[in-house]
Structure formats: structure tokens, C-alpha cells
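If you want the building blocks of each chain, they are given just below.
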Amino acid sequence: MERPEWAPADVDLSRPSVARAYDYWLGGSHNFEVDREFARQALAAVPDLRLVARANREFLHRAVRFMLDEGIRQFLDIGSGIPTVGNVHEIAQQVDPHSRVAYVDIDPVAVTHSTHILAGQPNAVALLEDLRHPEAILDHPEVRRLLDLDRPVGLLLVSVVHAVPDHDDPYGLIRRLWTALAPGSCVAISHVTTDSRPDEMGEGARLSGRTNTPVTARTRAQVEDFFTGLDLVEPGVVWSPLWRPESEADVGEHPERMSFYVGVGRRR
Amino acid sequence: MNDRPAADGADDRPAADGRGVGEFVTAWATALHRAHYVPISAEQRHRIVTGLADRVVTAVLAGPGGPGEGRRIGADLVAAGFGSPEALGGTIAVLTSRLLGDLGVAADPTRTARLNDLLAELATGFTSAAHDHSLRAQDTVRLAALAARTQAEEALRVSEVRFRRFATHDQLTGLPNLTLLTEQLGRLSTAEAPTDRVGVCCLDVDDFAAVNDVLGYQVGDLLLREIAARLGALADGRFDLVARLDSDRFAILVRDTTCAGDVVKIADRALAVLAAPFRVNGTEVPLTVSAGVAEGTVADGGAARLMRAGEIALHWAKADGKATLRLFDQDRSNADAERYRLSAAMPAALRRGEFTAAYQPVTALRSGRLAGVEALARWRHPQLGLLSAARFIELAERTGLVVALGSQLLEQACRQASRWQRIQPGLYVSVNVSVRQLHRTGLAGEVAQILDRTGLPPHLLHLEITEQAVIDLTGVVTQTLAALMQLGVRIVIDDFGVGYANLANLRSLPLYGLKLDASLTRPSAQPARWPGARRPGTDDDFLGTVVSLGHRLGLVVTAEGIETAQQAHRLTAAGCDNGQGWHFGRPVPPDEITAGIVAQQHREAVPPGPELPVIPVQRR
């Protein structure tokens, strides 16, 4: 059952959090034993899951740098998770110290931790919200304070859309988000699939049912549909390592094993 | 960060072998990149690794620049983001397998020893830094979890407070609602609470529905808010709360009372603040308020009782004319409850035939003979025993059951009187007719049918009606009385002399007689002589005047309530025709009347002599 909008978030440290498990896969220590237990089970199902997580993270950074090259200086990162090395504001502010970033996550621990990291950082903020409430995010006073929605925004939906089940209308939600943004805005999406490794990734998806954010894996065509109405940036929806790699070596021999479809679309 | 200056590097560092160091740097950087992802560009990575490689080369070729340099290099590796086990493994592999070769220097024992020492130190520094890094991360995530939980709890508390306020307060006035009042009362009545006496004052705006109907709900709501504000302003430390129960009903709960007077005082104050005029949109809206007060102990569930008592008292205030205050009184409540129970039991009792008639003799004063009987309603209540009419007739009047009850009694009385004709022809029966019966069309028709069925001659049925019943002669009443008269039934005014007698109406009615109220029969309580009175009027003067009034109008005059021989004598002297009262006989079952008639006939048939045997009286 979905909690009513006025009800506060639930902080249940006895349930594994995907945000903290993801941190563990990336080599971080911002996690609890319950998260690591889940993370290790997932690793048993998908032994190279650390690489999968890493490839996804690398896509995020390339996408951010792409958007910076496009002149975008404000970002809305939904599903930002536990901040680790190389957060969006760090990358963006290397290019332009005035870049602004609003992080949004459904995990209260991830948000309070982000808030702690962002203390004394006037151009970045972390909010507790749910991707399923696009208007609540867009109308949030902190978002409004930080981001000028009349100018292009980089909307980052990295490893989060698969947490929205079909009955919550993920296509409608994402359309509602980007239609509120100015022309020239970019949307980056990375999404889990079982297309290439149905058994292993299927087991991983099944395990995610133990967390607060179970995964709905989707096909390439389904992921492409998220970009309907946007101009899909070259090379389109591809395996995560294949999206504008910085070097041949970064791609690896089996990019399909990274099991994430990624893409960037531009608002006309 | 430990940005130590590189060692002076003047000794045996290969002078022109930059290419060798470069290859080593590339190999190390690649190993690190493969082992651990750090979101930096290849150039940044190369620059970091070059700096570290310089320090490693210096340490191996020239000896460590100082104690702990190996440790610092390991720590700096972690600080640059390459903190994974794979990064350490890759570093050790590259340093052991490639460093000396890439530099093009011989692996002499000194260099090998330095390299081994360096690796040992580097591994120690690396793991130590990684461990610290982990511990710091654990600290921050735990603090974050703690903060998140605190925030969630705070948010939950806020939302609970908001929800609770919504559930326990009235939205219109902001006052506590019935839920909260009940809760508070409940709390006060639990054993551990120190309070043992509590007062409740229930308030209700009189005829508030009319305000809403006439002035509209918006004005009504404004008034309710104003009332709430005035009552709320009354509250002081002794008030537990002022609540709005529903629509125009409010309540004040008072703790730690000593007696009912404490609450009455507060209720008086409440009525006083509400008595000041109310103005809405510049117009004065007159309002009055009724209050019911109850006070008592609240232990052992007494709270609910107290609340009900307050409501009952409020109900009394309304019934007693509104705009007033009533204090709950257990006796009155018991009487109310008793009356209610009787009232509720009456329809079934009527069906079961529990209502019967008792008959009281009416004696001709001059002859001393039995002239007639008055039929009086009795209720043979299965639990309470025989109840006299005073206990239930008023209730029957109120519920309207008096109509059905009256018909049943009328039929019983006529049937009984008809039987008595066989032993005393001409004995009449007097039956009371209520106002309600008289206002019903069809009474005359019903009487005619009863007379038909029972065979009682119409003139032997006397119907007693009160002065009150004929004070307003509407069409139905006049028609009914005229129809009864045409049947030959005799109409008698009951309780004459104590009600409002509309003489003009009496004049136009086809009356047969007057029945003087018992209070005229007895001596008056006040002295008849008043200072300054022009003419002394004695009790006898009054009596004589009333009797002669009746006689002048051609009416038969009967006196009620005669209890002594002296009274009987006085009324005879005054010229009264008939007398009724305990002196002549109490209301009794019909068999006793029969016995009385038989006894009278024996006395008259046999000349005075020895006592006749007593005829046994049969009782049902």
C-alpha cells in the first residue's frame, strides 16, 4: 500500500536498501550489514555486479559531462542514492563552480547523509521525495529556489526508473517531469534489463523484492519508449559502456553483460 | 594531503630514463583503473599516479625520504580514491614485477630490500587508511540513519499531532469535540487519577434551528464561533475544557469540584456571557441558552453517568421553559424514568386488559341513598400492583393512549352499570372524558354504540368533562357535546371552581350538572376575613353561592372529597344534591358496590332490628 502523502517516510533499518547496497557494490562503506547481506546475495547471483554498478556509474559521469558540454549548468538528480566519490555537483562544479544540483531520493538515510555531505554547499541540496510524485518534486520550494526551470536542466534518472512498477505509470511520470522543463533540457536514463542475462539478472531482480524498491526489468524497446517525444542523442539507447565511451579500453569485451540500457534525450 | 616534496633525487636515479618511469606510470595507472573506478579523467589519473610513482622511485633508488614515506604513499593512494582491495593488489603486482625493470636498474640487494620495505609499508599505510576511511564512512552513515530516524519520528509526531487535533477538535470553532471530552472524562474516572469529583455543564442554544432557517447557515456558523469564543474565554485553570458537542450544543468540564454549587456558579457565568447581545453583520441576533448541570464522583465509570446526567438536566431546562439552568436531581430523574417506563408499558398493558375500573359511590345527600357511581381508571400492574389514575392518566394524555384507554373504560363502566340496573334501577355511572377524546370526531357515535351494546339507558351515563375542556369551544367539541346531549347522555362539569370557568361557554352548553372540586368542600386554609375587606366572606358563603348558582341554572350539584360526617352535614345544609368521598365510600371493585346495593336494599326492606348477616364481598 502506498503511504499517504502526509505520512512521514519509514526508516526501517532492518530492511536492505538498494541505495546502500549500490554503495557497497561500488566499494563504499556507507552501508549496514543488512544491506551487505543483500548485496552479497545479489553478487552470488550476478558475480560481476560490481562491474555492472561501476559501468552504470561511469555512464552517469559521462552523461553529466555531455550535458555540461551542452551548456547545462543545473541538474535534477532523482534516485541519487548514497553520495560516493564523484557526485554530480563535484563533477559539474569542476567545470563551472556555479553549477547547481538538486538531489532527490526516496531513502531517508541517503537523503540525510547527502544533506550532511552538502553542508556549506549553497548550490546543492538533497530532498526526500518519490519519483512517483513528479509535481511534488518540481514544486518543492528547495527545487524552485535552486533551479530555474525556464532554463535548461539536466534531468538524471540513473538506475531509478526500474524501481517504478508498470501500475504506477512510469511513462506518464517521466513525461510529466520533462514536459515541465525548458527546451534544451536533457534527460539521462539508465535502466536494468534481463535481455542479455535472463537467468542471472532475473535472479537479481527477484532478490530486489526484499528491498524497499523492487526492480522491474524492461526490454530495449520499452526503455526506448521512455524517450518518446524527446530527441534521442547519439548513439541512442545502448548498453551502458557503449554510450560515448572515452576510450576503447573502457568498453570491455562484453558490454551487453553490463545489463543496463542507457540513453540521453533532449527536449525540443 | 601529504604533498611531501620529492626527495632531492641527486644520487643514483637514472638520469635520462624518463621513458622508463613513464611506462611504469602507465602500467600502474591502468592497473588501478581496472581495479577501481574513480570518476576522473585519464589525464587526472595519470597525473596522480605520476606523483606517486616519483615518490616510489625516489624511495627505492635513493632510500626513503624519511620514516613512514611508504605508509604515506599507501594512504595517499586511498585518499585519491583507489581504496579497493583490487587497487592494492594491482599496485603490489606492478611494483614488484615492473618497477626495477622499467627503470632499467639492477635488482641489487639494497634496492630489492628497499622495495620490499616500501611495499610492506605501503600495504600497511594503505590498509590502515582504507580501514579509517571505512570507519569514517560507517560513522557518517550511522549518523545519517540516526538523523533520518529522528526526522521520521519528528515528522510522524507532527502528523500524528495534526491528525489527533483533527480527530479531537471541532473544525468550525476550534474547540475540543465530544471525542476529547469523553476521553478526558474517561481519564478522570480511571482509578489512578487523583480527581474524584467532577462537574459537567451542558449548554444548548434555544431554538437555534430557527436562526439557521431564517438567517442562513453562514450567520448560524458565525454565531456558533462567537459563542465558542465567549465560552472559551471563560476557561481558567479549573476548567478541563470547553467543548462543542455538536451543532448548537456545548459542554464545560470542571475538575476537582467540592459540590454542585461550584459548577452552578460556572454555568451561571456561562449563561451570563452568552446573555450579552450577539451581533452579526451589524444586526443584533437575540439568543437564549439553556444549561444542564451535573456534579459528582467519577470513579468506576461515573463519568459517563455524569455526562448523561448533565444532558438530562439540560433537557429539564428546556422542558421548564428554556433560557434557564437546571441542576441534575436523582429523585426527579428517577421519577422521570419511572414515568417513562410506565408510559412505555402502557400500550401492551392496554392490550392485555390490565386497565380496569374502580367505582366510587355517589350518594344523594338528602336521602342518603346511593344515586350513582363514578368509574375511575385503575391499572393492575404486574409488578407495581394496583395503580391509581393519578399515576398514569397524564402520561396517557401525553401519548394519546388516553383515547383507547377511555373507550375501554367507558365500555366496562356502561356494561357494569347496565348490570346494576337489575338490582337498582336508575343507578347512574359517571365516566371521565379527556380533552383529547372530546376533540376527536366520532366520540358521540362511539358512545351510542357502547350504549347499544351494553343496553344502558343514555340518561344513566354521566360524562364528566373539565372546565378546561370547554374553555375553547371549537366546532368539534360543540358538535360532540350536542350529539351526546341528543343521545340523552348527561354532561357534567368536573372539578368546578378551581379552573378557568368560561361562564359564557357554560351558558351555551347543554349541561346536566356541576361537580364541585374537593377544595371547596374542605375548610379554606387562609382565614376568610381580610383586614379592610368590606364584607366577610365565609367558606359557607362561597359554598352556598356556588350551589345556588348551579341550582339557578337548573343544574344538579355534586360535591367531591367529603371525608367526614361534619363535611357531609355542611354540604347538605348548603343545599348540595349529591356527595362523594371517603365518608360515603372509597373507589372499590364493582362487586363491593353490588354488595353495598344489596345491603342498602335489606336495610330499606326490613324495619330496624337485629343486624343482618354480612354478605360476603367477592373480590376478583
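Please read all numbers here as calculations on a predicted model, not as lab measurements. (Residues numbered from 1 in each chain as written. Chains lettered and ligands numbered in written order. Predicted model: local features only at pLDDT ≥ 70, side-chain atom pairs only at ≥ 80, totals over all residues. Heavy atoms only, no water.)

Draft legend 1. Region of interest: the overall build of chain B. Along chain B, the regular secondary structure elements total 21 helices and 16 strands. Across the 620 residues in chain B, those meeting the buried criterion constitute 45%. Expressed as a percentage of contacts within chain B between residues at least 6 apart in sequence, the contacts between residues at least 24 apart total 70%. When the accessible surface of chain B is totalled, it reaches about 31300 Å², and 55% of it is carbon and sulfur. (Helix = DSSP H or I, 4+ residues; strand = E, 2+ residues; numbered from the N terminus. Buried < 20%, exposed > 50% of the residue type's maximum accessible area, 1.4 Å probe, protein only. Contact = heavy atoms within 4.5 Å. Areas by Shrake-Rupley, 256 points an atom, 1.4 Å probe, with all protein chains shown as cover.)

Draft legend 2. Structural view of the overall build of chain A. The helix and strand inventory of chain A stands at 11 helices and 8 strands. Over its C-alpha atoms chain A spans a radius of gyration of 17 Å, differing by no more than 12% from the 18 Å that the globule rule assigns to 268 residues. Each principal axis of the C-alpha distribution contributes one length, and for chain A these read about 45 × 45 × 35 Å. Restricting to contacts in chain A with at least 6 residues of sequence separation, those with at least 24 account for 72%. When the accessible surface of chain A is totalled, it reaches about 10900 Å², and 51% of it is carbon and sulfur. In chain A, 28 positive and 40 negative side-chain charges are present, and the distance between their average locations comes to 2 Å. (Rg over C-alpha atoms; globule rule 2.2 N^0.38 Å. Lys, Arg positive; Asp, Glu negative; His and termini not counted. Charge placed at Lys NZ, Arg CZ, Asp CG, Glu CD.)

Draft legend 3. Layout of helix α7 (residues 208-215) of chain B. All names here are of chain B. Within the sequence span of α7, burial applies to Phe-208, Val-211 and Asn-212. Viewed along the axis of α7, the buried residues span an arc of 95 degrees, placing them on a single side of the element. Exposed side of α7, more than 90 degrees from the buried face: Asp-213 and Val-214 are the residues found there. Where the residues of α7 are buried, they touch β1 (197-205) and α8 (217-234). (Arc of directions from axis to C-beta.)

Draft legend 4. Layout of the pattern of salt bridges. This model, assessed by the stated rule, comprises 49 salt bridges over all chains. Across the pair Glu203(A) and Arg206(A) runs a salt bridge whose closest N-O atoms are separated by 2.9 Å. Separated by 3 residues within a single helix, Glu203(A) and Arg206(A) lie in helix α9 (residues 198-207), roughly one turn from each other. Relative accessible area serves as the criterion here: at 29%, Glu203(A) is assigned to the partly exposed category. Overall, the relative accessible area of 54% leaves Arg206(A) in the exposed class. As a salt-bridge pair, Arg366(B) and Asp577(B) come within 3.7 Å of each other at their nearest N and O atoms. With Arg366(B) in the loop between β8 (355-364) and β9 (370-381) and Asp577(B) in the loop between α20 (565-573) and β16 (578-579), the pair connects residues that are 211 residues apart, well separated along the chain. Given the relative accessible area of 66%, Arg366(B) is considered exposed. (Salt bridge = Lys/Arg side-chain N within 4 Å of Asp/Glu carboxyl O.)

Draft legend 5. Looking closely at the interface of chain A and chain B. The interface is formed by 26 residues belonging to chain A together with 24 residues belonging to chain B. Roughly 2200 Å² is buried in total at the junction of chain A and chain B, and carbon and sulfur atoms are behind 63% of that figure. Applying the counting criterion to the chain A and chain B interface returns 0 salt bridges. In this structure, the connection of chain A to chain B is made through 8 residue pairs in polar contact (both at pLDDT 80 or more). Along the lines of polarity and charge, the residues of the side of chain A that touches chain B split into 10 nonpolar, 9 polar and 7 charged. (Buried area = accessible area lost by both parts, 1.4 Å probe. Polar contact = N/O pair within 3.5 Å; in protein donor to acceptor, adjacent residues only side chain to side chain. Nonpolar A, V, L, I, M, F, W, Y, C, P; charged D, E, K, R; others polar.)

Draft legend 6. Spotlight on the state of the cysteines. All told, the structure shown has 0 disulfides over all chains when counted by the stated rule. Here Cys259(B) is not cross-linked by a disulfide; its sulfur's nearest cysteine counterpart is in Cys201(B), at 15 Å. (Disulfide = S-S within 2.5 Å.)

Draft legend 7. Spatial organisation of helix α21 (residues 590-605) of chain B. All names here are of chain B. In a regular helix each residue adds 1.5 Å, so 16 residues correspond to 22 Å; α21 covers 23 Å between its end C-alpha atoms and thus fits that length. Taken residue by residue, α21 has Pro-590, Ile-593, Ala-595, Ile-597 and Gln-600 as its buried positions. At its buried positions, α21 is contacted by β8, β9 and α13 (402-420). (Expected span 1.5 Å × (residues − 1).)

Draft legend 8. Looking closely at the environment of Asp108(B). Residue and element names in this part refer to chain B. Note on placement: Asp-108 falls in the loop between α4 (85-103) and α5 (109-168). Judged by relative accessible area, which is 25%, Asp-108 ranks as partly exposed. It is 151 Å that separates the C-alpha atoms of Asp-108 and Pro-361, two residues lying 253 residues apart in sequence. In terms of polar contacts, Asp-108 uses its side chain to reach the backbone amide nitrogen of Arg-111, at 2.6 Å.

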